Amino acid sequence: MDVIGVVVTAVWAMLPAYVPNNAAVLAGGGRPIDGGRTMGGRRVLGDGKTWRGTLAGTLAGTVLALVLTTVAPAVSDVIGYALPEFPLRAGLGLAFGAMAGDIGASFLKRRSGRERGAAFPGLDQLDFVVGALLAAVVFAPAWTLATFTLPVLAAVLLLTPLLHVVTNVGAYLLGVKNEPW
Ligand code: CTP
Ligand code: MG
């Protein structure tokens, strides 16, 4: 596969992991997962991690994976690259893993004294990638290893921080997000 094929495959395969965080921003609110509990004088996760946002994000990513699967053959024909289809457990793994990675990052942010909404460069851009890939490998090991070949994995790790910055600044400028990260 050439470079363009690798890049297109990487973005396509990660779409079910990219969408959950944005869906959570739109749907978030309500009861926080940590129920307001603290640990060492600080919130365990904070008000930014809610049940509703997590559920909506996981659902949005999973549904997107199913939609991508139905259109994959047609899109592959048009662009000339064989795009991956997502078994249900792969889509669910990517979507849920993305949310879990983001929740894990909030846990680390609170432990390091960062308030809700504070930036944590590096972690902010990659938390959901690590979560998504780990969950995908647990939920759908064969699919994950076949899809995320070394070149695709490298493209994911290089491109995701870029895409993350661009979409978050966009969401901030549109007024849907409180901070540009
Ligand atoms: N959100 C949610 N549930 C999640 C993730 C996000 O409800 N599991 C919603 C919240 O309304 C949150 C917004 O999406 O405020 C933005 O998400 P994020 O930037 O991850 O949270 P922050 O509020 O910045 O909090 P943190 O510092 O913990 O990341
Ligand atoms: Mg934030």
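Everything here concerns the structure above.
Okay, so let's go over this structure. Here, residues in each chain are numbered from 1, in the same order as that chain's written sequence. Following the order in which they are written, the chains are lettered starting with A and the ligands numbered starting with 1. At least 70 in pLDDT is required for a residue's local features to be given in this predicted model, at least 80 for side-chain atom pairs to be given and counted, and no such filter applies to totals for whole chains, interfaces and linings, which use all residues. To obtain the side-chain values, all non-hydrogen atoms of the structure were included, while hydrogens and water were left out.

1. Focus on the nonpolar core
The following threshold applies: Nine residue types can take part in a nonpolar core, namely buried Ala, Val, Leu, Ile, Met, Phe, Trp, Tyr and Cys, and a core is a set of them joined through side-chain atoms within 4.5 Å. In this scheme, a residue with accessible area under 20% of its type's maximum is buried, one over 50% is exposed, and one in between is partly exposed, where area comes from a 1.4 Å probe on protein chains only. Put simply, DSSP H or I for four residues or longer makes a helix, DSSP E for two residues or longer makes a strand, and each gets a number counted from the N terminus. It only takes one pair of heavy atoms within 4.5 Å for two residues to be counted as in contact.
One finds M14, F86, L94, W143, F148 and V156 to be the most contacted residues of the largest nonpolar core, which totals 26 residues. Of all the elements in the fold, those that place two or more residues in this core are α1 (3-27), α2 (51-79), α3 (88-111), α4 (123-139) and α6 (150-173). Top element by residues in this core is α1. It accounts for seven residues. Those residues in contact with F148 that lie beyond four places of it in its chain are A13, M14, L94, L133, W143, L153 and V156.

2. What about the side chain of T50?
Going by this rule: Polar contact is the term for a pair of N or O atoms within 3.5 Å; when the atoms are in protein, one must be able to donate a hydrogen and the other to accept it, and sequence-neighboring residues count only if both atoms are side-chain atoms.
Turning to its location among the elements, T50 is positioned in the loop between β2 (42-43) and α2. Only 2.9 Å separates the side chain of T50 from the backbone nitrogen of G53, close enough to count as a polar contact.

3. Here we look at the site of ligand 1
Short version of the rule: For this purpose, a residue is taken to be near a molecule or strand whenever a single non-hydrogen atom of the residue falls within 4 Å of it. Accessible areas in this description were obtained via Shrake-Rupley with a 1.4 Å probe; residue shielding takes into account the shown protein chains only.
K49, T50, S106, R116 and G117 are the nearest of the 18 residues found near ligand 1. With respect to ligand 1, the side chain of T54 contributes an N or O atom lying 2.9 Å from a nitrogen atom. In the model, an oxygen atom of ligand 1 is placed 3.3 Å from a nitrogen or oxygen of the D102 side chain. When ligand 1 is considered free in solution it has 560 Å² of accessible area, and contact with the protein chains removes 90% of it.

4. A word on the packing of aromatic side chains
As a reminder, the rule being used: Stacked, tilted and edge-to-face pairs are distinguished by plane angle, under 30 degrees for stacked and over 60 for edge-to-face with tilted covering the rest, among Phe, Tyr and Trp rings (Trp via its six-membered ring) whose centres lie within 6.5 Å. Throughout this description, the term charge over a ring refers to an Arg CZ or Lys NZ atom that lies within 6 Å of the ring centre and within 35 degrees of the ring normal.
Under the defined criterion, the tally for this structure stands at four aromatic pairs. Seen in terms of ring centroids, F86 and W143 are 5.5 Å apart; in terms of plane orientation they differ by 45°. Their pairing is tilted. Here F86 is found in the loop between α2 and α3, whereas its partner W143 is found in helix α5 (residues 141-147), with 57 residues between them in sequence. A relative accessible area of 3% places F86 in the buried class. A relative accessible area of 12% places W143 in the buried class. An angle of 80° between the planes, with centres 6.1 Å apart, marks the rings of W143 and F148 as edge-to-face. These aromatic residues form a ring-pair network of at least three members: F86, W143 and F148. The cationic tip of R111 hangs over the ring face of F107; the distance from NZ or CZ to the ring centre is 4.9 Å. The residue whose ring lies beneath R114 is F120, and the NZ or CZ to ring-centre distance is 3.8 Å.

5. Here's the deal with α4
Stated precisely, the cut-off is as follows: Every helix has an expected span of 1.5 Å times one less than the residues it contains.
Between its terminal C-alpha atoms α4 stretches 23 Å, which fits the 24 Å expected from 17 residues at 1.5 Å a residue. The set of residues buried in α4 consists of D124, Q125, D127, F128, V129, G131, A132, L133, A135 and A136.

6. Description of the packing of α1 against α2
Counted only if it meets this: To define axes, lines are fitted to C-alpha atoms, for helices over the stretch in contact only, and angles between the resulting N-to-C directions are given on a 0 to 180 degree scale. The scheme is simple: roughly parallel for angles under 35 degrees, roughly antiparallel for over 145, roughly perpendicular for 65 to 115, oblique for anything else. Helix crossings are classified by the rotation of the near helix relative to the far one: an anticlockwise turn of less than a right angle makes the crossing left-handed, while a clockwise turn makes it right-handed. Here the nonpolar group is Ala, Val, Leu, Ile, Met, Phe, Trp, Tyr, Cys and Pro; Asp, Glu, Lys and Arg are the charged ones; every other residue, Gly included, is treated as polar.
Running from N to C, α1 and α2 cross one another at 150°; their axes reach a closest spacing of 8 Å. In terms of their interaxial angle, α1 and α2 are classed as roughly antiparallel. As α1 runs across α2, the sense of the crossing is right-handed. Within the contact of α1 with α2, the residues separate by chemical class into 18 nonpolar, four polar and one charged.

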